[in-house]
Amino acid sequence: TFTVKWGTDEDGKLIPADVQEVEMEDQEVLVTCPQQTGTGQAVMIMVGPQPFQVPIPSGVGPGQQFMVKVKTPKLRRNVSREDAETSDFALTREQIRERVEKLHTPFMTQSNALFRKNLSFQYKRWVTNCCLVLVPLFVLALVF
């Protein structure tokens, strides 16, 4: 399984900015069969923040419990500051500066993306924009 962080190119189109492979592991979960459900029906369960839809196995009725295996992302071990300083996780000041520079987006790129977004938004609502201009003109024509 992969996780993708999305970014935009100079034209404002979505492009994958960062792709990382995520290790998955099997996790067994104890599920209680809800009332008014039975064999073969699907049940929504939550494992952490992630929802899963699992089928109820044969022979399980309402109120009974059953085990189900789901694939969840493998949890990363939290690294303490002391461990980070003595391990491969430590970064030099130069590496940190380079990473921060890569995060910087020029003002013109940001303003161009904002302009294109608003232009696209207003283009889709052309009828509303026309009404905003024409209704006051029509009222003024009726008054005078």
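Our subject is the structure listed above.
Remember, it's a predicted structure, so these values are computed and weren't measured experimentally.

A. The overall build of the protein chain, seen in detail. When you go through the protein chain residue by residue, the secondary structure sums to four helices and six strands. Within the protein chain, buried positions represent 13% of all 144 residues. Residue pairs in contact within the protein chain that sit at least 24 positions apart in sequence constitute 40% of those at least 6 positions apart. With the model as given, the accessible surface of the protein chain reaches about 12,600 Å², and the carbon-plus-sulfur share is 59%.

B. Quick peek at the nonpolar core. The biggest cluster of nonpolar side chains holds 13 residues, and the ones touching the most others in it are Val29, Ile45, Phe66 and Val68. At the level of secondary structure, the elements contributing two or more residues to this core comprise strand E3 (24–32), strand E4 (42–47), strand E5 (50–55) and strand E6 (65–73).

C. Fine view of the state of the cysteines. Scanning the entire structure with this criterion turns up zero disulfides. With no disulfide of its own, Cys130 lies 7.0 Å from the sulfur of Cys131, the closest cysteine sulfur.

D. A look at empty space enclosed by the protein. Applying the stated rule across the entire model yields one cavity of 30 Å³ or more. In terms of lining, the largest cavity is formed by Asp9, Glu10, Asp11, Gly12, Thr109, Asn112, Ala113 and Arg116. Tallied by class, residues from the lining of the largest cavity come to one nonpolar, three polar and four charged.

E. Local environment of the pairing of strand E2 (residues 14–21). Taken together, the seven bridges between strand E1 (residues 2–8) and E2 define a ladder with antiparallel strand orientation. By the bridge assignment for E2, Phe2 is matched with Glu21. Adjacent in sequence and paired antiparallel, E1 and E2 are bridged by five residues, among which Gly12 carries a positive phi angle near 85°.

F. View of the pattern of salt bridges. Following the criterion strictly, the structure yields one salt bridge and no others. Across the pair Asp26 and Lys71 runs a salt bridge whose closest N-O atoms are separated by 3.1 Å. Here Asp26, found in strand E3, pairs with Lys71, found in strand E6; they are 45 residues apart in sequence, far enough to count as distant.

G. Up close: unusual backbone geometry. Of note, Gln36 is a non-glycine position whose phi angle comes to about 60°, a positive value. Using a relative accessible area of 78% as the deciding quantity, one classes Gln36 as exposed.

H. Local environment of a nonpolar patch on the surface. A surface patch of nonpolar side chains, about 1,200 Å² in accessible area, is lined by Leu132, Val133, Leu134, Val135, Leu137, Phe138, Val139, Leu140, Leu142, Val143 and Phe144. Residue placement: Val135 occurs in helix H4 (residues 126–143). You can call Val135 partly exposed: its relative accessible area is 47%.

I. The arrangement of the side chain of Thr72 in detail. Mapped onto the elements of the fold, Thr72 is located in strand E6. For Thr72, a relative accessible area of 6% gives the class buried. At 3.2 Å, the side chain of Thr72 forms a polar contact with the side chain of Gln27.

J. Region of the structure containing the environment of Lys13. Locating Lys13 in the fold gives a position in the loop between E1 and E2. The exposure class assigned to Lys13 is exposed, which follows from its relative accessible area of 53%. Separated by 100 residues in sequence, Lys13 and Ala113 place their C-alpha atoms 9.3 Å apart. Lys13 has contacts with Gly7 and Thr8, leaving out every residue within four places of it along the chain.

Conventions and cut-offs
- Residues numbered from 1 in each chain as written.
- Predicted model: local features only at pLDDT ≥ 70, side-chain atom pairs only at ≥ 80, totals over all residues.
- Heavy atoms only, no water.
- Helix = DSSP H or I, 4+ residues; strand = E, 2+ residues; numbered from the N terminus.
- Buried < 20%, exposed > 50% of the residue type's maximum accessible area, 1.4 Å probe, protein only.
- Contact = heavy atoms within 4.5 Å.
- Areas by Shrake-Rupley, 256 points an atom, 1.4 Å probe, with all protein chains shown as cover.
- Core = buried A, V, L, I, M, F, W, Y, C linked by side-chain atoms within 4.5 Å.
- Disulfide = S-S within 2.5 Å.
- 1 Å grid on protein atoms, 1.4 Å probe; cavity = no way out; pocket = protein on both sides within 12 Å on 5 of 7 lines; lining within 4 Å.
- Points joined across faces, edges and corners; volume = space filled by probe spheres on them.
- Nonpolar A, V, L, I, M, F, W, Y, C, P; charged D, E, K, R; others polar.
- Pairing = 2+ DSSP bridges.
- Salt bridge = Lys/Arg side-chain N within 4 Å of Asp/Glu carboxyl O.
- Patch = residues over 30% accessible without salt bridge, like charges linked within 9 Å, V, L, I, M, F, W, Y side chains within 5 Å.
- Polar contact = N/O pair within 3.5 Å; in protein donor to acceptor, adjacent residues only side chain to side chain.

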